[in-house]
Amino acid sequence: QVQLMESGGALVQPGGSLRLSCAASGSDANIYRMGWYRRAPGKQRELVADITNGGSTNYADSVKARFTISRDSAKNTVYLQMNSLIPEDTAVYYCNFRAGNILRNYDYWGQGTQVTVSS
């Protein structure tokens, strides 16, 4: 089993930066993708960015060129560097590890960390 713990959420002014961290305890050899999702008030959860075991990354159009996802395999940690933050980035950010085997895919989720962008 894997447990995920996010950190780094805060109140920040527009134009500011934050780095979110997601540390995983436990292990699952079937994990093949790590990512960040967010849920803004009144909106559905959306994918922000993800990274595969091979290092391929994918970003939502709204965060391209502003956010960077990275991982430290030795520390079992994934990061989200967020620059040029705008009020529309305000949301609860969730870490996600996706695993899969021959039968099914399944997900691990963190508890979420609040990011608020406001002056």
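Remember, it's a predicted structure, so these values are computed and weren't measured experimentally.

What counts, and at which threshold
Residues numbered from 1 in each chain as written. Predicted model: local features only at pLDDT ≥ 70, side-chain atom pairs only at ≥ 80, totals over all residues. Heavy atoms only, no water. Phe/Tyr/Trp six-rings, centres within 6.5 Å; stacked < 30°, edge-to-face > 60°. Helix = DSSP H or I, 4+ residues; strand = E, 2+ residues; numbered from the N terminus. Buried < 20%, exposed > 50% of the residue type's maximum accessible area, 1.4 Å probe, protein only. Lys NZ or Arg CZ within 6 Å of the ring centre and 35° of its normal. Pairing = 2+ DSSP bridges. Core = buried A, V, L, I, M, F, W, Y, C linked by side-chain atoms within 4.5 Å. Axes fitted to C-alpha atoms, helices over the stretch in contact; angles between N-to-C directions. Disulfide = S-S within 2.5 Å. Contact = heavy atoms within 4.5 Å.

### What about the packing of aromatic side chains?
Line of reasoning, step 1. Evaluation of the coordinates by the stated rule reveals two aromatic pairs.
Line of reasoning, step 2. Considering the side-chain rings of tyrosine 37 and tryptophan 109, the 5.1 Å spacing of their centres and the 65° angle between planes classify their relative orientation as edge-to-face. Of this pair, tyrosine 37 sits in strand S4 (residues 31–39) while tryptophan 109 sits in strand S10 (residues 105–109), placing them 72 residues apart in sequence.
Line of reasoning, step 3. By relative accessible area, tyrosine 37 is classed as buried at 14%.
Line of reasoning, step 4. When the centroid spacing of 5.9 Å and the interplanar angle of 80° are considered together, the rings of tyrosine 106 and tyrosine 108 count as edge-to-face.
Line of reasoning, step 5. With a relative accessible area of 10%, tyrosine 108 lands in the buried category.
Line of reasoning, step 6. Of note, arginine 45 hangs over the ring of tyrosine 37, and the distance from its end group to the ring centre comes to 5.8 Å.

### Side note on the pairing of strand S7 (residues 67–72)
Line of reasoning, step 1. Bridge count between S7 and strand S8 (residues 77–82): six bridges; the pairing is antiparallel. For isoleucine 69, the partnering residue across the bridge sits in S8 and is leucine 80.
Line of reasoning, step 2. Counting the residues in the hairpin turn of S7 and S8 gives four residues, including asparagine 76, whose phi is positive at 55°.

### What to know about the environment of leucine 4
Line of reasoning, step 1. Assignment of secondary structure puts leucine 4 in strand S1 (residues 2–7).
Line of reasoning, step 2. Judged by relative accessible area, leucine 4 falls into the buried class, the value being 7%.
Line of reasoning, step 3. Between the C-alpha atoms of leucine 4 and aspartate 107, which are 103 residues apart in sequence, the distance is 11 Å.

### Observations regarding the nonpolar core
Line of reasoning, step 1. One finds Trp36, Val78, Leu80, Met82, Tyr93 and Phe97 to be the most contacted residues of the largest nonpolar core, which totals 32 residues.
Line of reasoning, step 2. A total of five residues in this core trace back to one element, the largest contributor, which is strand S9 (residues 91–100).

### Considering the sheet that holds strand S3 (residues 18–26)
Think of a sheet as strands paired side by side through backbone hydrogen bonds, with each pair either parallel or antiparallel.
Line of reasoning, step 1. Read from one edge of the open sheet, four strands run S1-S3-S8-S7, paired in antiparallel fashion. Strands with a single pairing partner mark the edges of an open sheet, and in this sheet they are S1 and S7. Put simply, the sheet's adjacent strands are angled 15° from each other on average, direction ignored.
Line of reasoning, step 2. Note that S3 and S8 share six bridges and pair antiparallel. The partner of arginine 19 across the bridge, within S8, is glutamine 81.

### A few points about the state of the cysteines
Line of reasoning, step 1. Tallying each qualifying case throughout the model produces one disulfide.
Line of reasoning, step 2. The partner cysteine of cysteine 22 in its disulfide is cysteine 95, sulfur to sulfur 2.0 Å. Between cysteine 22 and cysteine 95 the sulfur-sulfur dihedral comes to about -85°; the bridge is accordingly left-handed. Highlighted residues: cysteine 22 in strand S3 and cysteine 95 in strand S9, separated in sequence by 73 residues.

### Thoughts on the environment of glycine 35
Line of reasoning, step 1. With respect to the helices, strands and loops of the structure, glycine 35 is situated in strand S4.
Line of reasoning, step 2. Residue classification places glycine 35 among the buried residues on the basis of a relative accessible area of 1%.
Line of reasoning, step 3. Sequence-wise, glycine 35 and arginine 104 are 69 residues apart; in three dimensions their C-alpha atoms are separated by 18 Å.
Line of reasoning, step 4. In this view, glycine 35 contacts Ala49, Asp50, Ile69, Tyr94, Cys95 and Asn96; residues no more than four positions away in its chain are not counted.

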